[in-house]
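# Structural description and commentary
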Amino acid sequence: MKYIPNPPWVAKDMLKTMGLNSLDDLFSDIKDDLKIKEGLTLPPAMGEMELRSCMKDLALRNISTEDYPCFLGAGAYDRYIPAAVDQLLLRSEFYTAYTPYQPEISQGILQSIFEYQTMICKLTGMDVSNASMYDGGSALAEACNLACNSGKERRKIIISDTVHPEYLEILKAYSLSGRMEVVLVPGREGAADIDAMVAEIDNQTAAAIIQQPNFFGVLENGEKLEQAVHAHKGMFIMAVEPVSLALLKSPGEWGADIAVGEGQPLGCSLSLGGPYLGFFAARRDLMRKIPGRIVGQTTDLDGKRSYVLTLQAREQHIRREKAGSNICSNEALCALAASMYLAFVGEEGLKEIALRSHQLALYAGKQVEEAGLELKYQQPYFMEFAVKVSDPAAANQKLLANGIIGGYQLEDALLLAFTEKRSRAEIDHLAAVLGGKMDE
Amino acid sequence: MSKLIFEKGVKGSNSFRLPSAGLPQPDINHTLPPIFLRHKDTDLPQLSEVEAVRHFTELSKLAYGVDNGFYPLGSCTMKYSPKINEWAARLPGLAALHPYQVPETIQGALQIYYEMQEFLAEITGMDGFTLQPAAGAHGEMVGVMIIKAYHLYQGDRERTKMMVPDSAHGTNPATANMIGFDVIEVKSNQRGLVDLDDLKSKMNKEVAGLMLTNPNTLGLFEEEIQDIAAVVHEAGGLLYYDGANLNGVIGVARPGDMGFDVIHVNLHKTFSTPHGGGGPGAGPVGVKEHLLPFLPKPLVVKEGELYNFDYDRPLSIGKARNFYGNFGVILKAYAYIKALGGEGLKDACQNAVLNANYMRHQLRDDYNIPLDRLCKHEFIINSKKQADPHGISTMDIAKRLIDYGYHPPTVYFPLIISEAMMIEPTETESKERLDDFIAAMKIIAKEAKEAPELLLDAPHNAVIRRVDEVKAARKPVVKWEAP
């Protein structure tokens, strides 16, 4: 295939207009010894029909969550996406646009971001939201970055190891800046050890962090931590799961200063881990410090309500090395998917989805116990729990052989997630296989 | 202007329902302790499906993408995004894969991932790639983390500074700062290229590296790139390649051969994946052999006939994000490379450069071109010829272009050219399309002299007139509140 509209004779005409003879003349500023001599070693070009077969063949070599029921969660969830979401995302006015730098011809995108920001504020109970970050983990790292930049001499980040292990790795990489000192506090019985975290808090503390529900699906009680970190003028940061917020106490209600999270469950396909979106919301007085694009409402010359990228004095293209973050491109189309998702399921729908997930998880907990297995932690959980198995990899293989995509492998357990897509029958099957009542 | 979604619909009109679970409905107040429960309603939209569909359709009509028309946004490479790639990304066998599935169940996806690492290494002349970063700036961050980790591993703790040309994208200094480097700016010379003497005078043992875009943000190839590389390397620094402008050399020359140690590429620019109104993009990072151990984990490796994740990377910087990258974007870029092949990529580059030079040639009588010589994929004009006597600015020209049905070029960047307007046509535009745009630019130049108010008040036929940006920033309203 080629996507170049000018046939060679037109290209020749254009060259002639400029007084040039060949396309090579356009590269006389590059020394010959730098030029590719033999051509690139890549597979031969394909026509669209060949490409279609090639991609289809590659897709057929995978087992997808459309083929088998999936009990994997651990930060990415197999949720139902209303058909209307993808149909609308295919409107190419949305997906072939760049960042809305020119408000007069980008009102549709700007308004959609403004609506997204509003919905994130509603869900999280926070005052302000940006236009999205790359994903949940990098959003958390940026939140810590903000916490360390905003107070003098504050560089200590106190975080429970019940937070997603990948988030912890990301934080470690971001701390190469030398501006953060990450204090990892081991959890107890699958929950954050709040007393141990509180004991770490001092006047150098920039932030204390928990995830809700945490990586193991367990609910964290952040009350004492919030009080202690605020008493020392540090920030309370929560990483939260957005669908559960239909029922669970919002970060705003917990008293969080910053709420971040992985937005994938809001209408993004699993897609082997991306593209997803990170959401980032904060209390109002942090508005001029938060990273990323923000859309604001204003008026045009005729006084008409309109939207524009705003508070840009925070950003890299204006502040350069003094910017708080380098982010520019974000995950706008995923944020649009999220607002579409929330619009289609609506307030009641989101509650129903969250409650169904909880209901199925409780049912599954009962079923696996009845099948003779034991939950790893005796703690309140919402839609995900770890069940003890002696050999998690073998258990997953057995599930796979029975047509089930199993759980996330912990050392001595499988972490299982339950979304509204799972059924009672699928859970019964899962429990039967795990309980050894069904062999290959 | 459209009503906001919160101003539409009534309670109870949402269409969405779940099937019955066949289980008793739990009471959350009994299944969970009250401390964990929400008190305040989410107050999300309450629209029927048809009304929500109409809402977003209406918003789409107030947006402008490459499919709507010419989008010469400099430095953003707004080329056509082939439709077959959108189709491929939606195949359930690619779109419905959970990132933690065991490798045996995702061999097709891992093949894409692995081959893409190899393709990018071949195209850019590097020795290995990570596909993890989610965007160009994220790639820069990973690249600069690798530079830092490398120096620290060498026991070289004194390298606290990063050099950046004055023509660089704002992300370069911002990234360097995020990773804890002090930024030193290198001057451009009269020809718009790195001033080699200035570079030499500032290079020392405290400098960790130089971040460079080539072709640079003026659209010009850094002709002395090998000398620049030598200066940086002799002092023990590393050379970083910002791949935003790779479309200007792809298939013709490779950053790896120019002496770069670390590079990022923008799949949403050079490799045709759509920008989505601000993302998702993807910013894979490539390195030379000496930096391979520092790449983020995991990489995808081939063991016999099986593809697998390699997490055993003790010197790795760790992770810059969750999972493995924007797979849904990566596979579109993979399909693009498969469709074009090596010759096709070179063709694309040559035609992108042809289009840019043709436009520069055709606009030079009407507009000032500060550096009017052979360019690569983009070039800069400004409003110097239009400024007097009516005070026409580059912004006025940009806004007038909207009236003629075009998305304006990038304006006021790079900072070293006053009133800059950066035009990048890409190879997917026809001469016919370019000629129409050139004709509009010529009319605008005439209007600037004869009817300046047409520019000063532009746009005239957009859905809104110019907006009050000062008000937006001074009294920020960043979410809707019920009246």
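Residues numbered from 1 in each chain as written. Chains lettered and ligands numbered in written order. Predicted model: local features only at pLDDT ≥ 70, side-chain atom pairs only at ≥ 80, totals over all residues. Heavy atoms only, no water.

### Description of the sheet that holds strand β10 (residues 384–388) of chain A
All names here are of chain A. The three strands lie next to each other as β10-β12-β11, forming an open sheet whose pairing is antiparallel. The sheet terminates laterally at β10 and β11 (408–409), the two strands that pair on one side only. Against the sheet, helix α13 (residues 392–401) engages β11 and β12 (413–417), with an angle of about 45° to β12. (Pairing = 2+ DSSP bridges. Helix = DSSP H or I, 4+ residues; strand = E, 2+ residues; numbered from the N terminus. Contact = heavy atoms within 4.5 Å. Axes fitted to C-alpha atoms, helices over the stretch in contact; angles between N-to-C directions.)

### Focus on the environment of G276(B)
Here G276(B) lies in the loop between β6 (262–265) and β7 (285–287). Sequence-wise, G276(B) and G65(B) are 211 residues apart; in three dimensions their C-alpha atoms are separated by 8.9 Å. Setting aside residues no more than four positions away along its own chain, G276(B) makes contact with F94(A), Y95(A), A97(A), A332(A) and L333(A).

### Regarding the interface of chain B and chain A
Think of interface size as the accessible area that goes away when the parts come together; that is how it is often given. Listed by partner, the interface residues are 205 residues for chain B and 195 residues for chain A. Buried surface at the junction of chain B and chain A, summed over both partners, amounts to about 17600 Å²; 63% is from carbon and sulfur atoms. Where K297(B) meets E169(A), a salt bridge forms, and the shortest distance between an N and an O atom there is 3.7 Å. Our enumeration of links across chain B and chain A arrives at 99 residue pairs in polar contact (both at pLDDT 80 or more). It is helix α11 (residues 327–363) of chain B that contributes the most residues to the side of chain B that touches chain A, 26 residues altogether. (Buried area = accessible area lost by both parts, 1.4 Å probe. Salt bridge = Lys/Arg side-chain N within 4 Å of Asp/Glu carboxyl O. Polar contact = N/O pair within 3.5 Å; in protein donor to acceptor, adjacent residues only side chain to side chain.)

### Focus: the pattern of salt bridges
Scanning the model with the defined rule gives 47 salt bridges over all chains in all. In this structure, R79(A) and E420(A) form a salt bridge, with 2.5 Å as the shortest nitrogen-oxygen distance. Residue R79(A) is located in the loop between α2 (48–60) and α3 (83–89), and its partner E420(A) is located in the loop between β12 and α14 (424–434); the two are separated by 341 residues in the primary sequence. One salt bridge connects K122(A) with D43(B), and the closest N-O pair in it is separated by 3.1 Å. Of this pair, K122(A) sits in helix α5 (residues 107–124) while D43(B) sits in the loop between α1 (28–31) and α2 (49–61), placing the two residues on different chains. Residue classification places K122(A) among the buried positions, given a relative accessible area of 14%. The network of salt bridges with common partners includes D78(A), K421(A), R422(A) and E426(A). (Buried < 20%, exposed > 50% of the residue type's maximum accessible area, 1.4 Å probe, protein only.)

### Regarding the side chain of H98(B)
When you line up the elements, H98(B) lands in the loop between α4 (92–95) and α5 (107–124). At 2.9 Å, the side chain of H98(B) forms a polar contact with the backbone nitrogen of Y100(B). Those residues in contact with H98(B) that sit more than four places away from it in its chain are T65(A), C70(A), L72(A), G73(A), A76(A), L270(A) and L272(A).

### Quick look at the packing of α5(A) against helix α12 (residues 332–370) of chain A
Residues and elements named next belong to chain A. Relative to each other, α5 and α12 sit at 45°, their axes nearing to 9 Å. In terms of their interaxial angle, α5 and α12 are classed as oblique. Both α5 and α12 take part in a crossing whose hand is left-handed. Where α5 abuts α12, its residues S112, Y116, M119 and L123 lie against A335, L336, A338, S339, L342 and L350. Among the residues forming the contact of α5 with α12, the class breakdown is eight nonpolar, two polar and no charged. (Parallel < 35°, antiparallel > 145°, perpendicular 65-115°, else oblique. Left-handed = near helix turned anticlockwise from the far one by under 90°. Nonpolar A, V, L, I, M, F, W, Y, C, P; charged D, E, K, R; others polar.)

### As for α12(A)
Working note: α-helix, 3.6 residues per turn, so residues spaced by three or four point in the same direction. All names here are of chain A. With 39 residues, α12 extends just 45 Å between its outermost C-alpha atoms, more than 12% less than the 57 Å of an ideal straight helix rising 1.5 Å per residue. Summarising burial for α12: 32 of the 39 residues are buried, a large majority. Immediately beyond the C-terminal end of α12, within one or two residues, lies G372, with a positive phi of roughly 95°. (Expected span 1.5 Å × (residues − 1).)

### Concerning the domain arrangement of chain A
Residue and element names in this part refer to chain A. Splitting chain A by domain gives domain 1 (83–339) and domain 2 (346–434). The gap between the C-alpha centroids of domain 1 and domain 2 is 28 Å. Across the boundary between the two partners, domain 1 contributes 18 residues, which contact 17 residues of domain 2. When domain 1 packs against domain 2, the two sides together hide about 1500 Å² of surface, and 77% of this comes from carbon and sulfur. Per-residue buried area on domain 1 facing domain 2 is highest for F215, F216 and L247; these three make up 33% of the total on that side. If you look at where domain 1 meets domain 2, you find zero salt bridges. Scanning the region where domain 1 abuts domain 2 turns up three residue pairs in polar contact (both at pLDDT 80 or more). Broken down by class, the residue content of the side of domain 1 that touches domain 2 amounts to 12 nonpolar, three polar and three charged. (Domains from an automatic or database assignment.)

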